[in-house]
Amino acid sequence: QAQLVESGGGLVHPGGSLRLSCAASGTISSINAMGWYRQAPGKQREYVAMTSRGHTNYIDSVKDRFTISRDNAMNIVYLQMNRLKPEDTAVYYCYADIVKVGWDSSMEYWGKGTLVTVSS
């Protein structure tokens, strides 16, 4: 099996910063992509950022404020969030597309989420 565990959420004032981390563990052969989604209260889950094979991609609303990075050796993905806004308040979920040892195809995995609250 494989699992994702997020950390780093919390309460921050508008304009502040937080760094989220997500560690993948288990019988992992390789990870094709890792990224972040978020779900604000009363809204659907939305894509935030993704890193795959050295490339990164962001939703427009976080470009120039958020940076996604990955430690391939440790199977950890980070999301550095700067200049946070109240509208960034959400539960942030880690995502990974993982090929398990002994498998030919990948499967999608999700973490349980970490709450980020941006409020004065």
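Analysis parameters
- Each chain has its residues counted from 1, running along the sequence as written.
- Predicted model: local features are reported for residues with pLDDT of at least 70 only, side-chain atom pairs are reported and counted for 80 or more only, and whole-chain, interface and lining totals are derived from all residues.
- Computation of side-chain values: all heavy atoms of the structure, hydrogens and water removed.
- For every residue, the accessible area (1.4 Å probe, protein chains only) is compared with the maximum for its type, and the residue is labelled buried under 20%, exposed over 50%, or partly exposed between those bounds.
- We count a stretch as a helix when DSSP gives it H or I for four or more residues in a row; a strand needs E for two or more, and each element gets its number in order from the N terminus.
- DSSP-based pairing: two strands are paired if at least 2 bridges between them are found.
- Any pair of residues with heavy atoms lying within 4.5 Å of one another is described as a contacting pair.
- Any two cysteine sulfur atoms lying within 2.5 Å of each other are counted as a disulfide.
- Here an angle of 0 to 180 degrees is reported between the N-to-C directions of two axes, which are lines fitted to C-alpha atoms, with helices fitted over the stretch in contact.
- As used throughout, the charge tally considers Lys and Arg to be positive and Asp and Glu to be negative, leaving His and the chain termini uncounted.
- Here, a salt bridge means any side-chain nitrogen of Lys or Arg that lies within 4 Å of a carboxyl oxygen of Asp or Glu.
- Counted as a polar contact is a pair of N or O atoms within 3.5 Å, where, for protein atoms, one must be capable of donating a hydrogen and the other of accepting one, and residues adjacent in sequence contribute only when both atoms are in side chains.

## Focus on the pairing of strand β9 (residues 90-100)
Looking along a regular strand, one sees side chains alternate from face to face of the sheet.
Right, on to step 1. Here β9 lies mainly inside the structure; 10 of its 11 residues are buried.
Right, on to step 2. Direction of pairing for strand β4 (residues 28-39) relative to β9: antiparallel, over a ladder of 10 bridges. Looking at the pairing, I31 lines up with I98 of β9.
Right, on to step 3. Bridge count for β9 against strand β11 (residues 114-118) is 3 bridges, and the pairing is antiparallel. Residue pairing for β11: A90 is matched across the bridge by V116.
Right, on to step 4. Both β9 and strand β10 (residues 107-110) contribute to a ladder of 4 bridges, which runs antiparallel. Bridge pairing in β10 links I98 to M107.
Right, on to step 5. The hairpin turn running from β9 into β10, its antiparallel successor, is 6 residues long, and G102 in that turn takes a positive phi close to 85 degrees.

## With respect to the environment of G16
Right, on to step 1. For G16, the location among the structural elements is in the loop between β2 (10-12) and β3 (18-26).
Right, on to step 2. Among the residues examined, G16 registers a relative accessible area of 18% and is labelled buried.
Right, on to step 3. Along the backbone, G16 and V118 are 102 residues apart, and their C-alpha atoms lie at a distance of 8.3 Å.
Right, on to step 4. When near neighbours in sequence (up to four residues on either side) are disregarded, G16 contacts M81, N82, R83 and L84.

## Focus: the state of the cysteines
Right, on to step 1. A complete count under the given rule lists 1 disulfide for this structure.
Right, on to step 2. Note that C22 is cross-linked by a disulfide to C94, the S-S spacing being 2.0 Å. Between C22 and C94, the S-S torsion sits near -85 degrees, and that sign places the bridge as left-handed. With C22 in strand β3 and C94 in strand β9, the pair connects residues that are 72 residues apart, well separated along the chain. Accessibility classification places C22 together with C94 in one group, the buried group.

## Remarks on the sheet that holds strand β7 (residues 66-71)
Right, on to step 1. Ordered in space as β1-β3-β8-β7, the 4 strands form an open sheet in which the pairing is antiparallel. Among the strands making up the open sheet, the edge pair consists of β1 (2-7) and β7. Strand-to-strand twist in this sheet, taken as the mean axis angle between neighbours without regard to direction, amounts to 15 degrees.

## Notes on the side chain of E6
Right, on to step 1. You can see E6 is positioned in strand β1.
Right, on to step 2. Of the side chains bearing the opposite charge, R45 lies closest to the buried E6, which forms no salt bridge; the N-O distance is 7.7 Å.
Right, on to step 3. Polar side-chain contacts of E6 include one of 2.9 Å to the backbone nitrogen of C94.
Right, on to step 4. A polar contact is formed between the side chain of E6 and the backbone nitrogen of K112, at a distance of 3.1 Å.
Right, on to step 5. Once residues within four sequence positions are removed from consideration, E6 is found in contact with S21, C22, W36, Y92, Y93, C94, G111, K112, G113 and T114.

## A few points about the pairing of strand β8 (residues 76-81)
Right, on to step 1. Most of β8 is tucked away, with 5 of its 6 residues classed as buried.
Right, on to step 2. Where β3 lies against β8, 6 bridges are found, and the strand directions are antiparallel. Within β8, the residue paired with C22 across the bridge is V77.
Right, on to step 3. Bridge analysis of β7 against β8 gives 6 bridges, and the strand direction is antiparallel. What sits directly across from I68, in β8, is L79.

This is a description of form; function is not addressed.
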